[in-house]
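Each chain is listed here by its residues.
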Amino acid sequence: MKYILGIETSCDDTSMAIVQLDHNKTNILALNSYNQDFILEKWGGVVPELAARSHVKAIPPLLDVTFKEAGIAPEDIEAVAVTTHPGLIGSLLTGINLAKTFSLLHKLPIIPVNHLYAHLEAIHLTEEVSYPYLGVLVSGGHSAFMWVKGPNDMEILGTTLDDAAGEAFDKGGKLLGVGYPAGKIIDDIAVNGDPKKIPFPISYLRDRPGKMSFSGLKTSLRVKLEKMTPEEIQAELPHLCAGYQEAIVQTLRIKTEEVITKILNQKVKTFSTPIVLGGGVACNSRLRQVMKESFKNVHAVKPLYSTDNAAMVANWASRVLDSQIPFPECLTIDPRSRFVEKK
Ligand code: KG4
Ligand code: ZN
């Protein structure tokens, strides 16, 4: 059976994977990632130029290690899957250039992968979830509600108007001085805090179903912190983290409910459709707990596959390949990316 090489460089993680689809289940033969957090920590966020340069350095050794780990040869690969959108252009180009080079050398088709779709479909790496499902995609760069009808058929129902949920965690963490990326750090500190002690505002945007906003939350944290001494901030840190996190989590809960009642109810009569939580913020323990308590059929992507990784990229491609559904025309990076022509 043939294998898919997956490449992910859309933001600040360089990741490569080799997978094989067997009876609708994606087996991961190798997954290797290089994380730039230590480079970006002092900036408190992603610096596109630094991220792109770091990908260039990390890619050659990762390719080597990944083939060694999988124990296969390049000739065994059937197609190269690469994230082509959305993402930072300098970062994306590094992965795309590797995909093009590998494809030219080994005469392989390239499968262009939508990073957001791949985040949600990563659920199938560990469990089978039936279509259609409501995808709640929450990452550092994006927040979106997606109606997923099949391996290659989805519709965006709503997005954030400004910051993404993960960005709200990271920017809040920068104000609190807890380190980068701040999502996991705030999650851990919040365990010892009372979410009600220091409440934060929620953007309801009631007349805009499915639309989210997180930028006001960060401003409200800044205003609160300006009124506190460093000692007070330190003493209240668990409560500040718990309250701030709660506002993000409750916004996502309220907005999910709104999408179900105001948008999806026109599509499905009784909502027992699965909900899939994906993207880096899907690792958040409070979000997982609240979503599971609030809705019937919630599936969260395993933390290992929630943050950016190439297994989700290769997994998406192998499922679409297997389903024989034509690939859509998208950012074409090589004529051979129109995989359907090869069949
Ligand atoms: O999906 P991802 O790896 O990258 C993008 O596609 O953006 O998501 C990274 C984001 C970061 O903002 C990070 O702070 C957040 O996921 N994150 C978390 C947690 N773990 C990672 N946010 C909240 N709680 C967590 N446990
Ligand atoms: Zn991502």
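Residues numbered from 1 in each chain as written. Chains lettered and ligands numbered in written order. Predicted model: local features only at pLDDT ≥ 70, side-chain atom pairs only at ≥ 80, totals over all residues. Heavy atoms only, no water.

Undergrad: Account for the sheet that holds strand β9 (residues 275–278), with residues named and values stated.
TA: The five strands lie next to each other as β8-β7-β6-β9-β10, forming an open sheet whose pairing is mixed. The sheet terminates laterally at β8 (153–159) and β10 (298–300), the two strands that pair on one side only. Strand-to-strand, the axes of this sheet are offset by a mean angle of 25°, without reference to chain direction. The sheet contact formed by β9 and β10 spans three bridges and is parallel. Of the residues in β10, the one forming a bridge with Leu 277 is Ala 300. Each of β6 (133–138), β7 (143–150), β8 and β9 is contacted by helix α8 (residues 230–263), which is oriented at about 150° to β6, the strand it contacts most. (Pairing = 2+ DSSP bridges. Helix = DSSP H or I, 4+ residues; strand = E, 2+ residues; numbered from the N terminus. Axes fitted to C-alpha atoms, helices over the stretch in contact; angles between N-to-C directions. Contact = heavy atoms within 4.5 Å.)

Undergrad: Outline the coordination of the zinc ion (ligand 2), supporting the account with residue identities and numerical values.
TA: The protein atoms donating to the zinc ion (ligand 2) are His 115 (NE2), His 119 (NE2) and Asp 308 (OD), with metal-donor distances spanning 2.0 to 2.1 Å. Around the zinc ion (ligand 2), the four donor atoms sit at angles spanning 97 to 141°, and that spread fits a shape best called irregular. (Donors = N, O, S within 2.8 Å, 3.2 Å for Na, K, Ca; no water. Tetrahedral: all angles 85-135°; square planar, octahedral: opposite > 155°, others 65-115°.)

Undergrad: Report on the side chain of His 119, specifying residues and quantitative values.
TA: Locating His 119 in the fold gives a position in helix α4 (residues 115–121). Engagement of the side chain of His 119 in a polar contact is seen with the backbone oxygen of Ser 306, the distance being 3.1 Å. (Polar contact = N/O pair within 3.5 Å; in protein donor to acceptor, adjacent residues only side chain to side chain.)

Undergrad: Provide a residue-level description of the packing of helix α5 (residues 165–176) against α8, including the pertinent values.
TA: With their axes 11 Å apart at the nearest point, α5 and α8 run at an angle of 165° to one another. What the angle tells us is that α5 and α8 run roughly antiparallel. Where α5 crosses over α8, the handedness of that crossing is right-handed. From α5, Ala 165, Ala 168, Phe 169, Gly 172 and Leu 176 reach across to α8, where they touch Leu 237, Leu 240, Cys 241, Tyr 244, Gln 245, Ile 248 and Leu 252. (Parallel < 35°, antiparallel > 145°, perpendicular 65-115°, else oblique. Left-handed = near helix turned anticlockwise from the far one by under 90°.)

Undergrad: Help me get a handle on the site of ligand 1, residues and values and all.
TA: Taken together, 21 residues surround ligand 1, and among them Gly 140, Asp 170, Asp 187, Gly 280 and Asp 308 come closest. A distance of 3.0 Å is found between a nitrogen atom of ligand 1 and a side-chain nitrogen or oxygen belonging to Asp 187. A distance of 3.0 Å separates an oxygen atom of ligand 1 from a polar atom in the backbone of Gly 280. Starting from 560 Å² of accessible surface for ligand 1 in isolation, the protein chains cover 91%. Per element, the largest residue contribution to the shell around ligand 1 is four residues, and it comes from helix α6 (residues 182–190). Each residue belonging to the shell around ligand 1 can be placed in one class, and the counts come to five nonpolar, twelve polar and four charged. Split by domain, the shell around ligand 1 shows at least three residues from each of two domains, domain 1 (2–122 + 305–331) and domain 2 (130–300). (Near = heavy atom within 4 Å. Areas by Shrake-Rupley, 256 points an atom, 1.4 Å probe, with all protein chains shown as cover. Nonpolar A, V, L, I, M, F, W, Y, C, P; charged D, E, K, R; others polar. Domains from an automatic or database assignment.)

Undergrad: Tell me about the domain arrangement of the protein chain, and name the residues and values.
TA: Domain boundaries in the protein chain define domain 1 (2–122 + 305–331) and domain 2 (130–300). The C-alpha centroid of domain 2 is placed 26 Å from the C-alpha centroid of domain 1. Between domain 1 and domain 2, the contact holds 25 residues from the first and 24 residues from the second. In total, domain 1 and domain 2 occlude about 1,900 Å² of area from one another, counting both sides; carbon and sulfur atoms represent 62% of this. By the criterion of area lost to domain 2, the three top residues of domain 1 are Leu 116, Tyr 117 and Leu 120, representing 36% of everything that side buries. (Buried area = accessible area lost by both parts, 1.4 Å probe.)

Undergrad: Just give me the short version of unusual backbone geometry, but keep the residues and values in it.
TA: For the bond running from His 85 to Pro 86, omega is -15°, close enough to zero to count as cis. Among the structural elements, Pro 86 can be located in the loop between β4 (77–85) and α3 (89–106). Cis geometry marks the peptide bond from Tyr 131 to Pro 132, where omega comes out at -5°. Positive phi, normally seen in glycine, also occurs at Leu 205, with a value near 40°. Of the residues examined, Leu 205 reaches a relative accessible area of 25% and is grouped as partly exposed. (Buried < 20%, exposed > 50% of the residue type's maximum accessible area, 1.4 Å probe, protein only.)

Undergrad: Now, about α3: what can you tell me, with residues and values included?
TA: Owing to its 3.6 residues per turn, the α-helix brings residues three or four apart onto one side. Taking 1.5 Å of rise per residue, the 18 residues of α3 would be expected to cover 26 Å, and the 25 Å separating its terminal C-alpha atoms lies within 8% of that figure. Of the positions making up α3, those classed as buried are Ser 91, Leu 92, Thr 94, Gly 95, Ile 96, Leu 98, Ala 99, Phe 102 and Ser 103. Here the buried face of α3 lies against β1 (3–8), β2 (13–22), α2 (48–70), β4 and β5 (110–114). (Expected span 1.5 Å × (residues − 1).)

Undergrad: Could you give an account of the side chain of Thr 273, naming the residues involved and the relevant values?
TA: Positionally, Thr 273 belongs in the loop between α8 and β9. Here Thr 273 falls in the buried class, since its relative accessible area comes to 11%. Setting aside residues up to four positions removed in sequence, Thr 273 forms contacts with Pro 132, Tyr 133, Leu 134, Trp 147, Val 268 and Asn 297.

Undergrad: Talk me through α6; I want residue IDs and the actual numbers.
TA: What α6 keeps buried is the set Ala 182, Ile 186, Asp 187 and Ala 190. Axial view of α6: buried residues confined to an arc of 135°, hence all on one face. Elements in contact with the buried residues of α6: α5, α8 and α9 (285–294). (Arc of directions from axis to C-beta.)

Undergrad: So what's going on with the pattern of salt bridges? Residues and values would help.
TA: Under the definition given, this model contains 15 salt bridges. A salt bridge links Lys 149 to Asp 153; its shortest N-O distance comes to 3.9 Å. Its relative accessible area of 36% is what places Lys 149 among the partly exposed residues. A relative accessible area of 37% means that Asp 153 is categorised as partly exposed. A cluster of three or more residues bridged by salt bridges with shared partners is formed by Asp 163, Glu 167, Lys 171 and Lys 218. (Salt bridge = Lys/Arg side-chain N within 4 Å of Asp/Glu carboxyl O.)

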